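# Coordinate inspection notes
Residue-level listing of the chains:
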Amino acid sequence: FFPSLAGMGFRVGVLSLLALSGVAAFTSPSMLHTQQLVQPATQRGVFAVGRTNVAPTGRASMRSTLCMKAAPEPAKVIKVGSAGEADAEKMIVNGGFWSCPPSTATMFLDNPECFKLLQGRVTITAVTVQGRELGEEVEFEEGDYGIVPAGSYRWRMIKPTTKQTNCREGLQLTTKGWREEPPLKAMRGFGTLSTVGRTAEDDLKYLQKLIADKGLIPETAFETAIQYKLDKDTYLQNLDFAITDRGMLIKDRMTDAIMAVLDGTGFKDYNPDLDYIETDRSKRWAAEGKFDKSKFGGGK
């Protein structure tokens, strides 16, 4: 009995010595005071040289260690003729040409993108990684330059879009629905347009540009132009044509509304106060899809 008491006394003495020496590592964490937990370990008796071994705990201390990321900047529109146009032009001088039909896609880029919208209309909105929108969308129209900061942004292509860009993320662009233009088209500065989402107004702009590039159509060649070019052009499918004594009427195929008049000198506004008398051959084209009367019907 007495020897065991002596052994117990020895063990108690050793434990007392350790406690007096300041080693608190043997104290159960559940017994430590909250204030002790947020103190450096060296102040709690743990042998640590010049560093803290126990990280702060508790909600308040966790919030203090989190780095709150600032909201991303919105995309920037640079209008033609503005102060930033020259710098933007330099940034895309060797950039590729990419086209995309109307769609929505989220792009994440490590570096800012500078682009020029050659055709179409888009909106760009900053989003979180989970896709939540941050701020308002920024709209870009044909001819605008744009700068999109690094990060995650949602592109909404409202109309068939072609851009010249300094973005080198070709794989990501391709997976998001963009298509790189062939070199010859890129050199000319024109993109391949999708017909999805096109309107009669889009087709009229295309026709006006086509006439400006290729030259005027002689009035004597109106029938040939309609039959073999205008009616077959993919990008003029929303337009209809009628030949009158005052020129070619260009109409919206869906509504039949007259949008412009083309004669031997160029495009003119339609004047509802004037009479435009359609030729019999033009009426036959509208009804039968041909200008010449059938040989079996006789006549010209």
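Our subject is the structure listed above.
Residues numbered from 1 in each chain as written. Predicted model: local features only at pLDDT ≥ 70, side-chain atom pairs only at ≥ 80, totals over all residues. Heavy atoms only, no water.

### Quick notes on the overall build of the chain
- Scanning the chain for helices and strands turns up nine helices and 14 strands.
- Within the span of the chain, comprising 300 residues, buried residues form 33% of the whole.
- Residue pairs at least 24 apart in sequence account for 65% of intrachain contacts in the chain once pairs closer than 6 positions are excluded.
- Total accessible area computed for the chain in this model is approximately 19,100 Å², and 57% of it derives from carbon and sulfur atoms. (Helix = DSSP H or I, 4+ residues; strand = E, 2+ residues; numbered from the N terminus. Buried < 20%, exposed > 50% of the residue type's maximum accessible area, 1.4 Å probe, protein only. Contact = heavy atoms within 4.5 Å. Areas by Shrake-Rupley, 256 points an atom, 1.4 Å probe, with all protein chains shown as cover.)

### A few points about the packing of aromatic side chains
- Tallied over the entire structure, the rule returns six aromatic pairs.
- Geometrically, the ring pair formed by Phe 115 and Trp 155 is tilted, given 5.1 Å between the ring centres and 55 degrees between the ring planes. With Phe 115 in strand E4 (residues 113-119) and Trp 155 in strand E8 (residues 151-157), this residue pair connects regions lying 40 residues apart in the sequence.
- A relative accessible area of 2% places Trp 155 in the buried class.
- An angle of 35 degrees between the planes, with centres 5.1 Å apart, marks the rings of Tyr 270 and Tyr 276 as tilted.
- The class of Tyr 270 is partly exposed, set by a relative accessible area of 30%. (Phe/Tyr/Trp six-rings, centres within 6.5 Å; stacked < 30°, edge-to-face > 60°.)

### Observations concerning the pairing of strand E5 (residues 122-126)
- Of all five residues making up E5, five are buried, and the element is well covered by its neighbours.
- Both faces of E5 are covered, namely the face carrying Val 122, Ile 124 and Ala 126 and the face carrying Thr 123 and Thr 125.
- In terms of strand pairing, E5 meets strand E6 (residues 138-140) through three bridges, oriented antiparallel. Residue pairing across strands places Ile 124 opposite Val 138, the latter belonging to E6. (Pairing = 2+ DSSP bridges.)

### Quick word on unusual backbone geometry
- Phi is positive for Asp 256, which is not a glycine, with a value near 70 degrees.
- Of note, Asp 256 is situated in the loop between strand E12 (247-252) and strand E13 (258-263).

### Remarks on helix H7 (residues 200-214)
- Its 15 residues give H7 an end-to-end C-alpha distance of 21 Å, which sits within 8% of 21 Å, the value for a rise of 1.5 Å per residue.
- For H7, the full list of buried residues reads Ala 200, Asp 202, Asp 203, Leu 204, Leu 207, Leu 210 and Ile 211.
- Two residues or fewer after H7 comes Gly 215, characterised by a positive phi angle close to 110 degrees. (Expected span 1.5 Å × (residues − 1).)

### Regarding the sheet that holds strand E2 (residues 96-100)
- On the basis of which strands lie adjacent, the open sheet formed by six strands has the order E1-E7-E4-E9-E2-E10 and antiparallel pairing. Strands at the two margins of the open sheet, each flanked by one partner only, are strand E1 (76-78) and strand E10 (179-180).
- Here E4 pairs with strand E7 (residues 145-148) via four bridges, running antiparallel. The partner of Lys 116 across the bridge, within E7, is Tyr 145.

### Describing the environment of Gly 81
- Relative to the helices and strands, Gly 81 resides in the loop between E1 and helix H4 (85-91).
- Spatially, the C-alpha atom of Gly 81 lies 9.9 Å from that of Asp 144, the residues being 63 residues apart in sequence.

### Remarks on helix H9 (residues 280-288)
- For H9, every residue scored as buried is listed here: Ser 282, Arg 284 and Trp 285. Taken around the axis of H9, the buried residues stretch over an arc of 155 degrees, which confines them to a single face. Seen from the open side of H9, the exposed residues pointing more than 90 degrees away from its buried face are Asp 280, Ala 286, Ala 287 and Glu 288.
- For H9, the elements touching its buried residues are helix H8 (222-230) and strand E11 (239-244).
- Note on H9: the residue one or two positions beyond its end, Gly 289, has a positive phi of about 80 degrees. (Arc of directions from axis to C-beta.)

### Notes on the side chain of Thr 244
- Tracing the chain through its elements places Thr 244 in strand E11.
- A polar contact of 3.1 Å, which involves the side chain of Thr 244, links it to the backbone nitrogen of Arg 246.
- At 2.8 Å, the side chain of Thr 244 forms a polar contact with the backbone oxygen of Gly 247.
- Beyond its immediate stretch of four places on either side in the chain, Thr 244 contacts Leu 249, Tyr 276, Ile 277, Glu 278 and Thr 279. (Polar contact = N/O pair within 3.5 Å; in protein donor to acceptor, adjacent residues only side chain to side chain.)

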